[in-house]
Amino acid sequence: MRVDRRWLARAGATIFALALLYPFTALFARIGPWQWGEDVRGPALSSVRVSLLLTAGAMVIIVAIGTPMAAYIARCGTRERLLWQAVLLVPILLPPLALGILLTLAFGSYGTVGAWLEHFGIVMTNSAPAFIITQVYVGIGYYVLGAVAAFDAVPLMLQKQAALLGLAPRKVFLRVTLPLARLGLAVALSIAWVRAIGEFGAVVVTAYYPSGMPVQLWINLQSFGLPAVMPLLVVFLAAALPLPWLVHVLAQRRRHV
Amino acid sequence: MSWPNADVMFKAQIIKKRRDIKVNVSLELDKGSSLGLFGASGAGKSTVLACIAGIEEPDDGSVKLGDLQFFPPSLPLHKRPIGYLTQEPGLFPHLRVSENVSFGIPKHLAAEKEHCHWIETLRERLQLGPLWHAPASLISGGQARRVGLARMLARKPPLVLLDEPFAGLDRQLVRELIDDLIFWSRTLGFSMIAVDHQAEVLKRLCPEQALVLENGQIVQRGGWDELYGTPASPLLQSLLTPL
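Residues numbered from 1 in each chain as written. Chains lettered and ligands numbered in written order. Predicted model: local features only at pLDDT ≥ 70, side-chain atom pairs only at ≥ 80, totals over all residues.

Visitor: Help me out: how do you make sense of helix α3 (residues 78-93) of chain A in this one?
Guide: The α-helix advances 3.6 residues per turn, and as a result positions three or four apart in sequence lie on the same side. Between its first and last C-alpha, α3(A) extends 22 Å over 16 residues, near the 22 Å set by a 1.5 Å rise per residue. Buried residues are scarce in α3(A), accounting for one of its 16 residues. (Helix = DSSP H or I, 4+ residues; strand = E, 2+ residues; numbered from the N terminus. Expected span 1.5 Å × (residues − 1). Buried ≥ 20, exposed ≤ 12 C-beta atoms within 10 Å, placed from the backbone.)

This is the structure we're talking about:
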């Protein structure tokens, strides 16, 4: 009997997907009834708000700083590019807890920048700015590395052609480079988003308050046990997944044009 | 669109060291005239055009259109009043055909009646009507060449550089495009430097004069009759012989 190879590949992909999603079967584990009373629901919904709003704020900063940086790196020679890429890898490679400790020391009252910011009333521990700055450090490396790849994928000849049609470099970037790189940039942003919104290790050190979803999961586990974790986990997936998934839907649609 | 110094002579000396050869070419061109750069693949023809356009930077020499100095120092690409068309027309795939054609026209001019009429003329003459609103990524190779030509002509450049723009097209389409280019060069009065490795294409496009390159050096320059009558090298003779 001859088996269609496509079906074999599909079966392999299904086994892979099942293995990847297997841990989520624990949502049906017999841990007793899930807790979603007022004492759990209030802080949980507050943590959703904190995570979505402050992570969105961090993404704005990441895009504003990361996009020009990536555009610059994409035009660098090999040696300089490798240097910048090494710098970007540092916060990514660092264990999140270590990054959190370093951020607290650097931006807290004892750090140079932290002390200076406190003069202006900006407290960089257990505050919204602390939460945002941590998310920026956690996510910007992923965004910039992805954005560099997106800019690299735009044919240089198209950009030169646009210049030969009379467009100054800034206009070439806005009218050709950016539109052609936008899907790659969106995917890079979705990865940064996923990475930042799920961050626990660094955020738990720098911004235990205001608690985002990952920290609230930890608080629920400590205070109420597993029955209070599971509903928040579902809320977390429902809140964090749509944006990056939508980006992939758009990318897929574009691929088939 | 009006260009400064559009009525003047083009003069260039290009010295460019490539990995395999050293290109050393000097050429001059009067307003409205055409020059065909002919030679075997790898002779340095495209390098000369790329250096004039600013895609590549010469190691030495000078490039000048009237009193507008292209090199040295290197004039930014967007300040060079040239049209540059290659084998790959380089359409912007995220834009429609109409947006590609009017891409190089500044916004403050785009709405002017005169420019709208000019774009309409290009659309009719180059038979772009049925494609006008199509995404540039969805048109055929032959159609893309027409759009590339229209986009280049839309700015009415005083100097046009053509780097094998008809490669891979059927003979009928090549004939049509050459006729279009000749028509527009007479109408607009632009000068033209074209590169091709097919003598018959180049002869038809640039009937006045040709310049033959071998290993980056000029081996012959003159009219086509001269080239066919007394080719300067066995290689040139071989290139001019029909298959």
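Visitor: Is there a simple way to think about the confidence of the model for chain B in this case?
Guide: Reading predicted coordinates in detail is not appropriate for stretches of low pLDDT. Residues and elements named next belong to chain B. Here chain B shows a mean pLDDT of 91. Residues at 70 or above account for 97%. Put simply, helix α3 (residues 107-110) is where chain B has its lowest mean pLDDT, 79, and helix α2 (residues 97-101) is where it has its highest, 96. Interface confidence for the predicted complex, expressed as ipTM, amounts to 0.91; the pTM equals 0.86. (pLDDT = per-residue confidence, 0-100.)

Visitor: Quick question: what am I supposed to make of the interface of chain B and chain A here?
Guide: As a measure of interface size, the accessible area lost when the parts come together is often cited. In this complex, chain B contributes 14 residues to the contact, which on the side of chain A involves 14 residues. For the side of chain B that touches chain A, the per-class residue count stands at seven nonpolar, five polar and two charged. (Contact = placed C-beta atoms within 7 Å. Nonpolar A, V, L, I, M, F, W, Y, C, P; charged D, E, K, R; others polar.)

Visitor: Can you help me understand the packing of helix α2 (residues 38-75) of chain A against helix α11 (residues 226-240) of chain A in this one?
Guide: A pair of packed helices is captured by two measures, namely the crossing angle of their axes and the spacing between those axes. Residues and elements named next belong to chain A. Where α2 contacts α11, the two axes come as close as 11 Å, and the packing angle between them is 30 degrees. Comparing the axis directions of α2 and α11 gives the class roughly parallel. Viewed along their axes, α2 and α11 form a crossing whose handedness is right-handed. Each of Val40, Ala44, Val48 and Leu52 in α2 lies in contact with α11, whose residues at this interface are Ala228, Leu232, Val235 and Ala239. Across the contact of α2 with α11, the residue classes break down as eight nonpolar, no polar and no charged. (Axes fitted to C-alpha atoms, helices over the stretch in contact; angles between N-to-C directions. Parallel < 35°, antiparallel > 145°, perpendicular 65-115°, else oblique. Left-handed = near helix turned anticlockwise from the far one by under 90°.)

Visitor: What is the right way to read the packing of α3(A) against helix α6 (residues 128-152) of chain A from this model?
Guide: All names here are of chain A. Contact geometry for α3 and α6: axes closest at 8 Å, N-to-C directions at 140 degrees. The two elements α3 and α6 cross, and the hand of that crossing is left-handed. Across from Gln85, Leu88, Leu89, Pro91 and Ile92 in α3, the residues of α6 making contact are Tyr137, Gly141, Tyr142, Val144 and Leu145. Across the contact of α3 with α6, the residue classes tally to eight nonpolar, two polar and no charged.

Visitor: So what exactly am I meant to see when it comes to the pairing of strand β1 (residues 10-17) of chain B here?
Guide: Side-chain direction in a regular strand flips from residue to residue, so the side chains alternate between the two faces of the sheet. Residues and elements named next belong to chain B. Covered by surrounding structure in β1 are Phe10, Ala12, Ile14 and Lys16 only, the residues Lys11, Gln13, Ile15 and Lys17 on the alternate face being uncovered. Sheet topology note: the β1/strand β2 (residues 22-29) ladder contains eight bridges and is antiparallel. By the bridge assignment, glutamine 13 is partnered in β2 with serine 26. In textbook terms, the turn of a hairpin is the stretch between consecutive antiparallel strands, and for β1 and β2 this stretch comprises four residues. (Pairing = 2+ DSSP bridges.)

Visitor: Looking at this model, I keep getting lost on unusual backbone geometry. Mind explaining?
Guide: The bulk of non-glycine residues show a negative phi, and the bulk of peptide bonds are trans. All names here are of chain B. Geometrically, the link from phenylalanine 71 to proline 72 is a cis peptide bond, its omega value of -20 degrees lying close to zero. Of note, the amide linkage connecting proline 72 to proline 73 takes the cis form, showing an omega dihedral of -15 degrees. Mapped onto the fold, proline 73 is located in the loop between β5 (68-71) and β6 (82-86). The backbone of lysine 156 sits at a positive phi, close to 50 degrees, despite the residue not being glycine. One can find lysine 156 in the loop between α5 (141-154) and β7 (159-163). For asparagine 215, which is not glycine, the phi torsion reads 50 degrees and is therefore positive. Owing to 16 C-beta atoms within 10 Å, asparagine 215 belongs among the partly exposed residues under this scheme.

Visitor: Just to check I follow, could you spell out the nonpolar core for this structure?
Guide: A general trend in soluble globular proteins is that nonpolar side chains are found buried together. In this structure, Leu37(B), Ile52(B), Ala53(B), Ala150(B), Leu161(B) and Ala194(B) are the most contacted members of the largest nonpolar core, which totals 76 residues. Residues Tyr137(A), Ala188(A), Ile197(A) and Phe236(A) belong to the second largest nonpolar core, which totals 53 residues. (Core = buried A, V, L, I, M, F, W, Y, C linked by C-beta atoms within 7 Å.)

Visitor: Is there a simple way to explain the pairing of strand β4 (residues 60-65) of chain B in this structure?
Guide: Residues and elements named next belong to chain B. Where β1 lies against β4, six bridges are found, and the strand directions are antiparallel. Looking across to β4, one finds that isoleucine 14 is bridged to glycine 61. Taking the residues between adjacent antiparallel strands as the criterion, β4 and β5 are bridged by two residues, where glycine 66 takes a positive phi near 60 degrees.

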